[in-house]
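Residue strings, one per chain:
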Amino acid sequence: MTLVRLCLLLPLLFSSTAFAADHCIDVQAKRGWQQLSLPGGKITGVQYSGGWSVIAGMYKAVGPRGYTGEDARRLGPLHGYKFDQSYAFGEMLVRDQAGRIVPFAEFAALAVNSRDPAGVYAFRINDKDVALPDNAGSIRVCISMR
């Protein structure tokens, strides 16, 4: 009888949602480009958690959109230390398999509509390599796929 019940429950345990997989990376503020490989499939969501700072102890931790407001203004004179001048200090940058660099928010918005996301992506804080040692924290990025 127990075996019969188990056989009846197995399809419920392995429903279509059970086939979704998360591919995660902890992007460290003290490191340059950090890679994550994605298989073929469909991206169903992109989430993040955590925070980082470009100068530990002087600036509060921020998420992947980086510094805004007063902190951004105070960091202004240090603009030469940004990896990419187009984006905010502390913003997460994403490099796709073609070498294009976009901010995390744009990557997250476009990834869900991507026809073929398979490949290697790289993530980093918008801070030049020479300026990484005084950074702190990490942001965990998880990409859900089916």
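Fair warning: this is a prediction, and the values are worked out from it, not measured in the lab.

Cut-offs and rules
Residues numbered from 1 in each chain as written. Predicted model: local features only at pLDDT ≥ 70, side-chain atom pairs only at ≥ 80, totals over all residues. Heavy atoms only, no water. Pairing = 2+ DSSP bridges. Helix = DSSP H or I, 4+ residues; strand = E, 2+ residues; numbered from the N terminus. Axes fitted to C-alpha atoms, helices over the stretch in contact; angles between N-to-C directions. Buried < 20%, exposed > 50% of the residue type's maximum accessible area, 1.4 Å probe, protein only. Arc of directions from axis to C-beta. Contact = heavy atoms within 4.5 Å. Patch = residues over 30% accessible without salt bridge, like charges linked within 9 Å, V, L, I, M, F, W, Y side chains within 5 Å. Areas by Shrake-Rupley, 256 points an atom, 1.4 Å probe, with all protein chains shown as cover. Salt bridge = Lys/Arg side-chain N within 4 Å of Asp/Glu carboxyl O. Disulfide = S-S within 2.5 Å.

A. Up close: the sheet that holds strand β1 (residues 21-28). Overall, antiparallel pairing links the three strands, which are arranged β1-β7-β3 in an open sheet. Edge positions in the sheet fall to β1 and β3 (43-53), since each of these pairs with one other strand and no more. Between one strand axis and the next, the sheet turns by 10° as a mean value, whatever way the strands run. Summarising the sheet, β1 and strand β7 (residues 136-145) pair through eight bridges and their orientation is antiparallel. By the bridge assignment, alanine 21 is partnered in β7 with methionine 145.

B. Region of interest: helix α3 (residues 104-111). Along α3, the residues that are buried comprise Phe104, Phe107, Ala108 and Ala111. Projection of α3 onto a plane perpendicular to its axis shows the buried side chains occupying an angular sector of 95°, all on one side. Where α3 is buried, its residues touch β3, β4 (92-95), β5 (101-103), β6 (119-125) and β7.

C. Quick peek at a nonpolar patch on the surface. A cluster of nonpolar side chains, contributed by Leu78, Tyr81 and Val130, occupies part of the molecular surface with about 290 Å² of accessible area. Within the secondary structure, leucine 78 is located in the loop between α2 (69-75) and β4. In this structure leucine 78 comes out as partly exposed when scored by relative accessible area, which is 32%.

D. Seen up close, the state of the cysteines. Counted under the stated rule, the structure contains one disulfide. Paired by a disulfide, cysteine 24 and cysteine 142 hold their sulfur atoms 2.1 Å apart. Sign of the S-S torsion, about 115° for the bond between cysteine 24 and cysteine 142, identifies this disulfide as right-handed. Note that cysteine 24 is positioned in strand β1 and cysteine 142 in strand β7, a separation of 118 residues in sequence. Judged by its relative accessible area of 14%, cysteine 142 is buried.

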